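# Secondary and tertiary structure notes
Listed below are the residues making up each chain.
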Amino acid sequence: MFRSTAGITAQNICPEVTMTERTLAIIKPDAVKRGLVGTILKMIEESGLTVRGMKMIHMTRAQAEGFYAVHKERPFFAGLTEFMSSGPAVVAVLEGENAIAVYRELMGNTAPAKAAPDTIRKLYGLDVEKNSCHGSDAPLTAATEIAYFFNNLEISS
Ligand code: RTP
Ligand code: MG
């Protein structure tokens, strides 16, 4: 896939082009705790995305800090990493045409109050931190995030 250092993708340049992509999804501890795994997976599958890998994990604080290292200077970093290591989460590799954008649209705005109707965060998010789901935001971060949790044997083709 064409990708410049400015983050411009072929999809941005030529919107009618579709690409099969993979993205890393997390059903966060707030949603697992409330028994929403099946509900959120159903929404994912109904959106047309395919689950290629999946497992339940309980991150240590250090693992959560590593995953969210990009946010380490942000004021919410301590709260976020405490929350993400507070209980089990489900991590999944999703695949489909434009999977990164499709899944981010399905998740909705980071703040559930600002999220569009029928998105995961609008329906199930509790607040801007405990917002039930994570999705990669670009091809490079998707590749890095998938590799953080999965090896090749754990992803079906
Ligand atoms: P994510 O990475 O989890 O898919 O969410 P996102 O792109 O929509 O949001 P991002 O800016 O990357 O923030 C990562 C996660 O940090 C928590 N957060 N808390 N307290 C706050 O103001 C705040 N802002 C963000 C959320 O859990 C957010 O999803
Ligand atoms: Mg993000």
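Residues numbered from 1 in each chain as written. Chains lettered and ligands numbered in written order. Predicted model: local features only at pLDDT ≥ 70, side-chain atom pairs only at ≥ 80, totals over all residues. Heavy atoms only, no water.

Okay, the nonpolar core next. Generally speaking, soluble globular proteins have nonpolar side chains that are buried together. Core analysis: the largest hydrophobic core is formed by 19 residues, its most contacted members being Ile27, Ile40, Ile44, Leu94, Tyr103 and Ile120. Elements that contribute at least two residues to this core include exactly β1 (20–27), α2 (29–33), α3 (37–46), β3 (89–97) and α6 (99–107). Discounting chain neighbours no more than four positions away, the residues touching Ile120 are Ile40, Met43, Tyr103, Leu106, Met107, Gly125, Ser132 and Cys133. With 18 residues, the next largest nonpolar core counts Phe83, Val91, Val93 and Phe150 among its residues. (Core = buried A, V, L, I, M, F, W, Y, C linked by side-chain atoms within 4.5 Å. Buried < 20%, exposed > 50% of the residue type's maximum accessible area, 1.4 Å probe, protein only. Helix = DSSP H or I, 4+ residues; strand = E, 2+ residues; numbered from the N terminus. Contact = heavy atoms within 4.5 Å.)

Now for the confidence of the model for the protein. One rule of thumb: low pLDDT means the predicted coordinates there are not for detailed reading. On average, residues of the protein score 92 in pLDDT, and 90% of them are at 70 or above. When pLDDT is averaged over each helix and strand of the protein, the minimum, 44, is found for helix α1 (residues 10–13) and the maximum, 99, for α2. Taken as a whole, residues 1–13 scores under 50 in pLDDT and shows 18 contacts with residues more than four places along the chain or in a different chain. (pLDDT = per-residue confidence, 0-100.)

Looking now at the site of ligand 1. Around ligand 1 sit 15 residues, and of these Lys28, Thr110, Glu129, Asn131 and His134 come closest. In the model, an oxygen atom of ligand 1 is placed 3.1 Å from a nitrogen or oxygen of the Arg104 side chain. If you list the elements that add at least two residues to the shell around ligand 1, you get α6 and β4 (133–135). Residue classes in the shell around ligand 1 are distributed as six nonpolar, five polar and four charged. (Near = heavy atom within 4 Å. Polar contact = N/O pair within 3.5 Å; in protein donor to acceptor, adjacent residues only side chain to side chain. Nonpolar A, V, L, I, M, F, W, Y, C, P; charged D, E, K, R; others polar.)

Bringing the environment of Cys133 into the picture now. Note that Cys133 resides in strand β4. For Cys133, a relative accessible area of 0% corresponds to the buried category. The sequence separation of Cys133 and Val90 amounts to 43 residues, and the corresponding C-alpha distance is 9.4 Å.

Let's shift gears to the pattern of salt bridges. Pairing of side chains with opposite charge becomes possible as their charged atoms draw close. The full count for this structure, using the stated rule, is seven salt bridges. With a shortest N-O distance of 2.9 Å, Lys42 and Glu46 are connected by a salt bridge. One end of the pair is Lys42 and the other is Glu46, both in helix α3 and four residues apart, which spans about a single turn. The exposure class of Glu46 is exposed, given its relative accessible area of 59%. Put simply, Arg61 and Glu65 hold a salt bridge, and the shortest N to O gap is 3.7 Å. Of this pair, Arg61 and Glu65 both sit in helix α4 (residues 61–67), four residues apart, roughly one helical turn. The class of Arg61 is partly exposed, set by a relative accessible area of 35%. Take Glu65: its relative accessible area is 32%, and that puts it in the partly exposed class. Via salt bridges that share partners, Arg22, Arg52 and Glu95 belong to a single interconnected network. (Salt bridge = Lys/Arg side-chain N within 4 Å of Asp/Glu carboxyl O.)

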